[in-house]
Amino acid sequence: MNFKQTIIGTCSGDAKFESACVPFISFANDEQKKTIENYIFMQVDEFFQKIYPAGIIRTQLSYSKLITEEDFKDFNKLKISYFYDNLFHDLERGSDGKLELKIKWSITFDERCTPIKLANIPPNYRGYEPKLSSKDGKNCLPRKYGIIEINRIPVFYYIYFTLKEILDVAKQIHTS
């Protein structure tokens with residue numbers, strides 16, 4: 001069999017990814033990019049509203065700076081400075097000596113980075129197997145996430161998105 005190896009491309013130019021296990025995702029035009037990013041930000045806002053109803057200050061870690069569980073396996077390659085430069089550099093202690101909550105987040109397509117599930121459970125539900133739903137009341141799979149903690153305080157959230165979910169948003173542009 002004679003196949004051309006042009007199915008998958010590689011990131012070129014100035015983009016430098018911290019991890020070799022993070023995929024480079026690209027779309028045909030800026031309209032798709034903006035629509036997908038708006039969808040992601042909307043989903044992230046809903047996610048944090050569920051966890052921190054009173055609100056929380058959070059900043060996005062650049063997708064290119066993301067690392068996966070695979071990167072944790074080789075501490076010779078992953079330098080401790082990565083954590084200080086990207087996650088811990090702005091942590092501060094309050095007057096009570098406790099860490100002040102400064103959350104960072106990024107999306108991931110790697111389900112292994114997101115072992116925790118989040119969904120809405122109706123307040124009046126008293127059963128043993130809750131019927132999970134999204135904020136708009138439609139049944140859905142819960143949003144999966146993972147965290148990096150310091151002294152049991154989350155400082156970073158991996159928020160899981162599927163490629164299908166992203167493609168569905170991109171396809172809506174052409175059907176509307």
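Computed from a prediction, not measured in an experiment: that's the story for all the values here.

## Let's talk about the overall build of the protein chain
Next, step 1: Counting its regular elements, the protein chain contains four helices and five strands.
Next, step 2: Counting the 176 residues in the protein chain, one finds 34% classified as buried.
Next, step 3: Taking all contacts inside the protein chain whose residues are at least 6 apart in sequence as the whole, residues at least 24 apart take part in 67%.

## Looking at the layout of surface pockets
Next, step 1: Space inside the second largest pocket adds up to approximately 590 Å³.
Next, step 2: For the second largest pocket, the lining is made up of 21 residues, of which I25, K33, E37, Y63 and I107 are closest to its centre.
Next, step 3: With six residues, helix α1 (residues 30-51) is the largest single contributor of residues to the lining of the second largest pocket.
Next, step 4: Partitioning the lining of the second largest pocket into residue classes produces 13 nonpolar, five polar and three charged.

## Details of unusual backbone geometry
Next, step 1: The residue N151 is not glycine, and still its phi comes out positive at about 50 degrees.
Next, step 2: A relative accessible area of 63% places N151 in the exposed class.
Next, step 3: Notably, R152 is not glycine yet its phi reads approximately 65 degrees, a positive angle.
Next, step 4: Position of R152 relative to the elements: it lies in the loop between β4 (143-150) and β5 (153-160).

## Notes on the packing of aromatic side chains
Next, step 1: Under the defined criterion, the tally for this structure stands at 16 aromatic pairs.
Next, step 2: Note on F41 and W105: the rings are 6.1 Å apart at their centroids and 90 degrees apart in plane angle, and the pair reads as edge-to-face. Remark: W105 occurs in strand β2 (residues 103-108) and F41 occurs in helix α1; sequence separation between them is 64 residues.
Next, step 3: Take F41: its relative accessible area is 35%, and that puts it in the partly exposed class.
Next, step 4: Accessibility expressed as a relative area gives 4% for W105, which makes it buried.
Next, step 5: Between F47 and Y145, the ring centres sit 5.0 Å apart and the planes meet at 70 degrees, which makes this aromatic pair edge-to-face. Within this pair, whereas F47 is found in helix α1, its partner Y145 is found in strand β4, the two being separated by 98 residues in sequence.
Next, step 6: Residue F47 is classed as buried on the basis of its relative accessible area, which comes to 2%.
Next, step 7: Since its relative accessible area comes to 13%, Y145 is described here as buried.
Next, step 8: By way of ring pairs, the aromatic residues F47, F48, Y52, Y145 and Y157 are connected into one cluster.

## A few points about the nonpolar core
Next, step 1: Core analysis: the largest hydrophobic core is formed by 34 residues, its most contacted members being I40, F48, Y157, I159 and F161.
Next, step 2: Elements represented by at least two residues in this core include exactly α1, α3 (80-88), β2, β4, β5 and α4 (163-175).
Next, step 3: The greatest single-element share of this core, amounting to six residues, is contributed by α1.
Next, step 4: When neighbours within four sequence positions are excluded, F161 is seen to be in contact with Y39, I40, Q43, V44, I107, T108, F109, R143 and I166.

## A look at the side chain of R143
Next, step 1: The residue R143 is located in strand β4 in this model.
Next, step 2: One polar contact links the side chain of R143 to the main-chain carbonyl oxygen of Y160, over a distance of 2.7 Å.

## Some thoughts on a nonpolar patch on the surface
Next, step 1: A contiguous nonpolar surface patch, about 220 Å² in accessible area, is contributed by I25, L163 and L167.
Next, step 2: The topology assignment puts L167 in helix α4.
Next, step 3: Judged by relative accessible area, which is 34%, L167 ranks as partly exposed.

Criteria and thresholds
- Residues numbered from 1 in each chain as written.
- Predicted model: local features only at pLDDT ≥ 70, side-chain atom pairs only at ≥ 80, totals over all residues.
- Heavy atoms only, no water.
- Helix = DSSP H or I, 4+ residues; strand = E, 2+ residues; numbered from the N terminus.
- Buried < 20%, exposed > 50% of the residue type's maximum accessible area, 1.4 Å probe, protein only.
- Contact = heavy atoms within 4.5 Å.
- 1 Å grid on protein atoms, 1.4 Å probe; cavity = no way out; pocket = protein on both sides within 12 Å on 5 of 7 lines; lining within 4 Å.
- Points joined across faces, edges and corners; volume = space filled by probe spheres on them.
- Nonpolar A, V, L, I, M, F, W, Y, C, P; charged D, E, K, R; others polar.
- Phe/Tyr/Trp six-rings, centres within 6.5 Å; stacked < 30°, edge-to-face > 60°.
- Core = buried A, V, L, I, M, F, W, Y, C linked by side-chain atoms within 4.5 Å.
- Polar contact = N/O pair within 3.5 Å; in protein donor to acceptor, adjacent residues only side chain to side chain.
- Patch = residues over 30% accessible without salt bridge, like charges linked within 9 Å, V, L, I, M, F, W, Y side chains within 5 Å.
- Areas by Shrake-Rupley, 256 points an atom, 1.4 Å probe, with all protein chains shown as cover.
- Salt bridge = Lys/Arg side-chain N within 4 Å of Asp/Glu carboxyl O.

These figures come from the coordinates and say nothing about function on their own.
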